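# A closer look at the structure
So you can see what is in the structure, the chains are spelled out below.
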Amino acid sequence: MERKNTKLVKVGNVNIGGRSRISIQSMTNTDSLDKEATFSQVLRLHSAGCDIVRIAIPTIEAADTIAYIKERRPDVPIVADIHFDYKIALRSVECGVDKIRINPGNIGDESRVAAVARACSLNNIPIRIGVNGGSLEKHILAKYGAPTPEALYESALGHIRLLNKYNFDDIVISVKSSVVPNAIEACKYVSEHCNYPLHIGVTEAGSSRMGIIKNAEAIATLVHLGIGDTVRISLTEDPEAEVYAAKDILRSLGCDGHKGMDIVSCPTCGRTKIDLVSLVKEFEDAAKVEKLTDIPIKVALMGCVVNGPGEAREADVGIAGGRGEALLFKKGQIIHKIDENNIVAFLINYIKNEYGNNK
Ligand code: SF4
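The paragraphs below set out a description of the structure included in this document.

Calculation notes
Residues numbered from 1 in each chain as written. Predicted model: local features only at pLDDT ≥ 70, side-chain atom pairs only at ≥ 80, totals over all residues. Heavy atoms only, no water. Salt bridge = Lys/Arg side-chain N within 4 Å of Asp/Glu carboxyl O. Buried < 20%, exposed > 50% of the residue type's maximum accessible area, 1.4 Å probe, protein only. Helix = DSSP H or I, 4+ residues; strand = E, 2+ residues; numbered from the N terminus. Pairing = 2+ DSSP bridges. Contact = heavy atoms within 4.5 Å. Near = heavy atom within 4 Å. Nonpolar A, V, L, I, M, F, W, Y, C, P; charged D, E, K, R; others polar. Axes fitted to C-alpha atoms, helices over the stretch in contact; angles between N-to-C directions. Parallel < 35°, antiparallel > 145°, perpendicular 65-115°, else oblique. Arc of directions from axis to C-beta. Polar contact = N/O pair within 3.5 Å; in protein donor to acceptor, adjacent residues only side chain to side chain. Phe/Tyr/Trp six-rings, centres within 6.5 Å; stacked < 30°, edge-to-face > 60°. Lys NZ or Arg CZ within 6 Å of the ring centre and 35° of its normal.

All right, on to the pattern of salt bridges then. For the structure shown, the criterion picks out 21 salt bridges. Linking R73 and D75 is a salt bridge whose minimum nitrogen-to-oxygen distance equals 2.8 Å. The exposure class assigned to R73 is partly exposed, which follows from its relative accessible area of 27%. Note that D285 is salt-bridged to K281, the shortest N-O span being 3.0 Å.

Below you can see the structure in the form of structure tokens.
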């Protein structure tokens, strides 16, 4: 798959577009006025792998939280999510924000648009125009009868033209829908018609159960078409879950810069000799926390020694369950026996020693 070479936009120290690595975004859900709680969540998100953190800034006072964070961690790119009030955008710029998410068509007369464009331009701060199917302008909805891809693009185009009118071009676009086919078609349509980088994902996707499936469907389809420069997996969960889901989706698609360990495991059957369901969960949780390796290895967790090593022949390393033990195999060859009480700890140590980042 060849990625579309969109315009390069810089958000702090992270590049979006221009075939840069697809960046991961999420959003805090603390009270934005609570500086310390928001800062702590920003740090947790960043260490989980979130490249760019967005914060809702509903008031002028809340913008001070941006300054609080940037004074302490200037390296973490922060986006201010702003609706309607251009003064909050201006204050966020003063507080050192790295990107603004605002729809310029919604902030009143054009002098306000010009003021925001000027402030962002002077400080090299990009703007994301974020169009959602659920909040389309009435006249566009009336024209198309539904939030169609064309309607979403027309809305985005109106905002783009406003910014372009004031010589502002440092733009990222999102056109989101909670309906997967619509989210895909809207991004395809925008990608065909403009060269700004695209922020992709399914909005209001629900809890992890359906939300990850919906986002994976949309992102996989778009990435295979070469579309998508930055992602947010919108979930009704702790925001860190969004980051882990984004990493898993991008890694499973083999996206550049998102390589790493790929875990495969068998579905279990009547031959299964160990509690593989618990073991896989334990390993995934441990592997997530420990960030074992950036090397794109495949680790297989299989339920029996009869078929396990054979079925996972292509794995770099794996275990196959036996009676009271597991066999460690490497490239299909059995190399060690592990006591059943020590399987996960042993495997983690083995991977760290063989493939670890600090090797
Ligand atoms: Fe069953 Fe063994 Fe295949 Fe797992 S690897 S599905 S336990 S036969």
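Our focus in this paragraph is the pairing of strand β12 (residues 298-302). Most of β12 is tucked away: four of the five residues are buried. Pairing of strand β11 (residues 262-265) with β12 involves four bridges; the strand directions are parallel. Looking at the pairing, I263 lines up with V299 of β12. When β12 meets strand β13 (residues 317-322), the two strands line up parallel, connected through four bridges. If you follow M302 over to β13, its bridge partner there is A320.

The residue A151 is located in helix α6 (residues 149-165) in this model. For A151, a relative accessible area of 0% corresponds to the buried category. For the pair A151 and G133, spaced 18 residues apart in sequence, the C-alpha separation works out to 8.6 Å. If sequence neighbours within four positions are ignored, A151 has contacts with L136, I140, Y144 and A146.

The next thing to look at is the side chain of T65. Among the structural elements, T65 can be located in helix α2 (residues 64-72). Assessed through its relative accessible area of 1%, T65 is described here as buried. In this view, T65 contacts S32, L33, K35 and T38; residues no more than four positions away in its chain are not counted.

Let us now look at the site of the ligand. All residues in the neighbourhood of the ligand are listed as C266, P267, C269, R271, T272, M302, G303, C304, N307, G308 and E311. Considering only residue class, the shell around the ligand consists of five nonpolar, four polar and two charged.

This part is about the packing of helix α3 (residues 86-94) against helix α4 (residues 110-122). In the contact formed by α3 and α4, the axes pass within 10 Å of each other and the chain directions differ by 10 degrees. Comparing the axis directions of α3 and α4 gives the class roughly parallel. Of the residues in α4, those touching α3 at Y86, A89, L90 and V93 are R112, A115, V116, A119 and C120. Residue classes in the contact of α3 with α4 are distributed as eight nonpolar, no polar and one charged.

Right, let's get into α3. Turning to α3, its buried residues number three or more, namely Y86, I88, A89, S92 and V93. One side of α3 carries all its buried residues, which in axial view fall inside an arc of 155 degrees. Taking the backbone nitrogen of K87 as reference, a side-chain oxygen 2.9 Å away marks D85 as the first, capping residue of α3. Just downstream of α3 lies G96, where phi reads positive at about 95 degrees.

Below, the discussion takes up unusual backbone geometry. The backbone of N124 sits at a positive phi, close to 55 degrees, despite the residue not being glycine. Within the fold, N124 resides in the loop between α4 and β7 (127-132). The exposure class of N124 is exposed, given its relative accessible area of 61%. Positive phi values are uncommon outside glycine, yet E204 reaches one of about 45 degrees. As for its placement among the helices and strands, E204 is situated in the loop between β9 (199-200) and α8 (208-224).

The next subject is the packing of aromatic side chains. The tally for this structure, following the rule as stated, stands at two aromatic pairs. Measuring from ring centre to ring centre gives 5.9 Å for F39 and Y68, while their planes differ by 85 degrees; the resulting arrangement is edge-to-face. Residue F39 is located in helix α1 (residues 35-48), and its partner Y68 is located in helix α2; the two are separated by 29 residues in the primary sequence. Given the relative accessible area of 10%, F39 is considered buried. By relative accessible area, which is 18% here, Y68 ends up buried. Measuring from ring centre to ring centre gives 5.6 Å for Y153 and Y189, while their planes differ by 70 degrees; the resulting arrangement is edge-to-face. Here Y153, found in helix α6, pairs with Y189, found in helix α7 (residues 180-193); they are 36 residues apart in sequence, far enough to count as distant. For Y153, a relative accessible area of 10% translates into the label buried. Residue placement shows R72 over the ring face of Y68; its charged tip is 3.5 Å from the ring centre.

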